[in-house]
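This is what each chain is made of:
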Amino acid sequence: MDGKQMTQTYSMPLPEVNTSLSAVIDTSAVLHCPRTLTRAVLTRWEIILRDKPSCTKAYRSDTNEIQDTNCTDDRITWASIPSQNPDLHIAPVAITHDGNYRCVTVTADGNFNHEYHLQVLVPPEVSLFLSRNRAAVCRAVAGKPAAHISWTPEGGACVTEQERWGNGTVTVQSTCHWEGPETTVTCSVSHLTGNRSLFIELNPGLTTSRSPALSLLIILYAKLSLFVVILVVVGFVFFWEINDCFL
């Protein structure tokens, strides 16, 4: 009975597994096929990407045959020799690799399936600047998914806009204006690929506007002082020459 129960347990097919997976653009990703206790007769990857025909990568162990159908992306390959490692390797990861990847392992005990939903992450380009009306503008350009922008201190009059692009990336722009005594504000951008914080002075013109005038006064004062010194020297020389003529 123990032997029969053990045999029945081993022959019981695994339930289908669904996994959500994320990968940062320009990195690499490995998708694993389900491992079985009995030998796999056929291992097949079914790849469905956005706006592309489905691709199938298959390996038959009885004939040691590898077959690709409608697979044109050289960045999606077997991780190793399929007979030793049936995993899928993607490198480098691109935005176009968003999609569903399903591994089907066929054995004498039945089929074992593992499906992945791969989401490609794109870090946004973050910038912070002042607009013409002295409002602070924080931008997170072409991120995937959309970034979240917050401000410190809170309480400013803010407007947040989103612009979606055809490749699935999103640009988020937040514009804030403060009426209070704040001199420096911080923009915080939260994203699945990492967080960033930038700060900016709201009234840099108050400091920079005084500098040219002050510099001009210093230059004029230096020139005037030099002119006075020259006059004193010339006058002193002239005075001595006159004294020599009378002697």
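The model shown is predicted, which means the values in this text are computed figures rather than measured ones.

### Here's the deal with the state of the cysteines
Argument step 1. Evaluation of the coordinates by the stated rule reveals four disulfides.
Argument step 2. Each disulfide pairs two cysteine sulfurs, and for Cys55 the partner residue is Cys71, the sulfurs being separated by 1.8 Å. Residues Cys55 and Cys71 are joined through a disulfide that is right-handed, its torsion about the S-S bond being 95°. In this pair, Cys55 sits in strand β4 (residues 55-60) while Cys71 sits in the loop between β5 (65-69) and β6 (76-78), placing the two residues 16 residues apart along the sequence.
Argument step 3. Taking relative accessible area as the criterion, Cys55 reaches 9% and is therefore assigned buried.
Argument step 4. When its relative accessible area of 24% is taken as the criterion, Cys71 is described as partly exposed.
Argument step 5. Here Cys158 engages in a disulfide with Cys176; their sulfurs sit 1.8 Å apart. A torsion of 115° about the S-S bond marks the disulfide between Cys158 and Cys176 as right-handed. With Cys158 in strand β13 (residues 157-164) and Cys176 in strand β14 (residues 170-177), this residue pair connects regions lying 18 residues apart in the sequence.

### Observations regarding the sheet that holds strand β2 (residues 29-31)
Argument step 1. Within the open sheet, the three strands sit side by side as β2-β7-β6. Their pairing is antiparallel. Of all the strands in the sheet, the pair left with one neighbour each is β2 and β6. In this sheet, adjacent strand axes meet at a mean angle of 25° when their direction is disregarded.
Argument step 2. Here three bridges tie β2 to strand β7 (residues 88-90), and the two strands are oriented antiparallel to one another. What sits directly across from Ala29, in β7, is Ile90.

### Remarks on the pairing of strand β9 (residues 110-121)
Argument step 1. Relative to β9, strand β1 (residues 17-24) runs parallel, the two sharing eight bridges. Within β9, the residue paired with Ala23 across the bridge is Val120.
Argument step 2. As paired elements, strand β8 (residues 99-107) and β9 share nine bridges and run antiparallel to each other. Looking at the pairing, Thr105 lines up with Phe112 of β9.
Argument step 3. Remark: two residues form the turn of the hairpin made by β8 and β9, two consecutive strands paired antiparallel.

Here is what the cut-offs are and how they apply
- Residues numbered from 1 in each chain as written.
- Predicted model: local features only at pLDDT ≥ 70, side-chain atom pairs only at ≥ 80, totals over all residues.
- Heavy atoms only, no water.
- Disulfide = S-S within 2.5 Å.
- Helix = DSSP H or I, 4+ residues; strand = E, 2+ residues; numbered from the N terminus.
- Buried < 20%, exposed > 50% of the residue type's maximum accessible area, 1.4 Å probe, protein only.
- Pairing = 2+ DSSP bridges.
- Axes fitted to C-alpha atoms, helices over the stretch in contact; angles between N-to-C directions.

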